[in-house]
Amino acid sequence: MPQYKVVELREGLLGGKMSGEKLEKVLNEYGSKGWALKAITSVDVKGRVGPGGVSGVLVTFEKP
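As named in an unreviewed UniProt entry, the chain is DUF4177 domain-containing protein, taken from Terrabacter lapilli.

Colleague: What should I look at first to understand the overall build of the chain in this one?
Modeller: A tally of helices and strands in the chain yields 1 helix and 3 strands. In the chain, the order of α-helices and β-strands from amino to carboxyl end is β-α-β-β. Across the 64 residues of the chain, 25% fall into the buried class.

Colleague: Is there a simple way to explain the environment of Ser42 in this structure?
Modeller: Considering the arrangement of structural elements, one finds Ser42 in strand β2 (residues 36-46). Leaving out residues up to four positions away in the same chain, Ser42 has contacts with Gly56 and Val57.

Colleague: Would you mind going over the packing of aromatic side chains with me for this structure?
Modeller: By the definition in use, this model includes 1 aromatic pair. With a centroid separation of 4.8 Å and an interplanar angle of 20 degrees, the aromatic rings of Tyr30 and Phe61 are classed as stacked. Taken together, the positions of Tyr30 in helix α1 (residues 20-31) and Phe61 in strand β3 (residues 53-63) put the pair 31 residues apart, joining distant regions of the chain. The exposure class assigned to Tyr30 is buried, which follows from its relative accessible area of 17%. Here Lys33 stacks its cationic end above the ring of Tyr30, 5.7 Å away from the centre of that ring.

Colleague: Sorry, what's going on with the nonpolar core here?
Modeller: One broad rule of soluble globular proteins: the nonpolar side chains tend to lie buried together. Counting residues in hydrophobic clusters, the biggest one holds 9 residues: Val7, Leu9, Leu23, Val26, Tyr30, Trp35, Val57, Val59 and Phe61. Elements that contribute at least two residues to this core include exactly β1 (3-10), α1 and β3.

Colleague: So what exactly am I meant to see when it comes to the environment of Met1 here?
Modeller: By the secondary structure assignment, Met1 is in the segment before β1. Note: C-alpha distance between Met1 and Pro64 (63 residues apart in sequence) is 6.5 Å.

Colleague: What is the right way to look at α1 in this model?
Modeller: Quick reminder: α-helices carry 3.6 residues per turn. Residues three or four places apart thus point the same way. Here α1 is 12 residues long and its end C-alpha atoms lie 16 Å apart, about the 16 Å a rise of 1.5 Å per residue gives. Those residues of α1 not exposed but buried are Leu23, Val26 and Tyr30. Here the buried residues of α1 occupy an arc of 65 degrees about the axis, which is enough to place them on one side. Every exposed residue of α1 that faces more than 90 degrees away from the buried side is listed here: Gly20, Glu21, Glu24, Lys25 and Asn28.

How each quantity is defined
Residues numbered from 1 in each chain as written. Predicted model: local features only at pLDDT ≥ 70, side-chain atom pairs only at ≥ 80, totals over all residues. Heavy atoms only, no water. Helix = DSSP H or I, 4+ residues; strand = E, 2+ residues; numbered from the N terminus. Buried < 20%, exposed > 50% of the residue type's maximum accessible area, 1.4 Å probe, protein only. Contact = heavy atoms within 4.5 Å. Phe/Tyr/Trp six-rings, centres within 6.5 Å; stacked < 30°, edge-to-face > 60°. Lys NZ or Arg CZ within 6 Å of the ring centre and 35° of its normal. Core = buried A, V, L, I, M, F, W, Y, C linked by side-chain atoms within 4.5 Å. Expected span 1.5 Å × (residues − 1). Arc of directions from axis to C-beta.

Written out as structure tokens, the structure is:
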């Protein structure tokens, strides 16, 4: 039965563009632990400050 891990990424509390460098770091970190990329989904993530959301991504990994 496979295992799944979902990582929520956003660039900052006030939003901003997601950097490829940050995403690459996360992919390599989890890949080195045996996780394989399953999906990347763009989402609006509720911010910690104020009622609005910020753009982010959910990165889903799978491991057998």
